[in-house]
Amino acid sequence: MLFKVYYQERINEVPIRENTKSLYTEGESERDVRKKLADRGYNIEYVQQVNGAYLEYEKQNEDFNVLEI
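As the structure is a prediction and not an experimental result, all values here were calculated from the model.

What follows deals with the confidence of the model for the protein. Per-residue confidence for the protein gives a mean pLDDT of 92, with 100% of residues at or over 70. Mean pLDDT per element in the protein: strand β4 (residues 66-67) is the minimum at 91, and helix α1 (residues 30-37) is the maximum at 96.

Grouped together as the largest cluster of nonpolar side chains are nine residues: Phe3, Val5, Tyr7, Leu23, Val33, Leu37, Tyr42, Ile44 and Val47. Put simply, the parts of the chain that give this core at least two residues each are β1 (2-8), α1 and β3 (43-50). By residue number, the principal contributor to this core is β1, which donates three residues. In contact with Leu37, not counting residues within four places along its chain, are Val5, Leu23, Ile44, Leu67 and Ile69.

Time to look at the packing of aromatic side chains. As enumerated under the stated definition, the model contains three aromatic pairs in all. Each ring, one from Tyr7 and one from Tyr42, has its centre 4.2 Å from the other, and the planes form 25 degrees; the classification is stacked. Here Tyr7, found in strand β1, pairs with Tyr42, found in the loop between α1 and β3; they are 35 residues apart in sequence, far enough to count as distant. For the ring pair Tyr24 and Phe64, a centre distance of 4.8 Å and an interplane angle of 50 degrees mean the geometry is tilted. Taken together, the positions of Tyr24 in strand β2 (residues 21-26) and Phe64 in the loop between α2 (52-59) and β4 put the pair 40 residues apart, joining distant regions of the chain.

Okay, the sheet that holds β3 next. Reading across the sheet, the four strands line up as β3-β1-β2-β4 and stay open at both edges, with mixed pairing between neighbours. Since the sheet does not close on itself, it has two edges, and those belong to β3 and β4, each with one partner. The strands touched by α1 within the sheet are β1, β2, β3 and β4, with β3 carrying the most contacts at an inclination of about 140 degrees. The sheet strands contacting α2 are β1, β2 and β3, and the helix crosses β3 at an angle near 115 degrees.

The rules we used
- Residues numbered from 1 in each chain as written.
- Predicted model: local features only at pLDDT ≥ 70, side-chain atom pairs only at ≥ 80, totals over all residues.
- Heavy atoms only, no water.
- pLDDT = per-residue confidence, 0-100.
- Helix = DSSP H or I, 4+ residues; strand = E, 2+ residues; numbered from the N terminus.
- Core = buried A, V, L, I, M, F, W, Y, C linked by side-chain atoms within 4.5 Å.
- Buried < 20%, exposed > 50% of the residue type's maximum accessible area, 1.4 Å probe, protein only.
- Contact = heavy atoms within 4.5 Å.
- Phe/Tyr/Trp six-rings, centres within 6.5 Å; stacked < 30°, edge-to-face > 60°.
- Pairing = 2+ DSSP bridges.
- Axes fitted to C-alpha atoms, helices over the stretch in contact; angles between N-to-C directions.

In structure tokens:
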């Protein structure tokens, strides 16, 4: 499954919409994705599964790049 992760660069950074970044990665579940990203020191705000029409929409974005972990 493909997931979109909304995060802040540093674990101690307060979530502010303007500073929120996103990445795409594959995983078995939300827990699996969080576990894979744990060593990166990100402050993960939200993990969202991406599929169907939403996935097709996201693929049109020039920043669409799936992170291989």
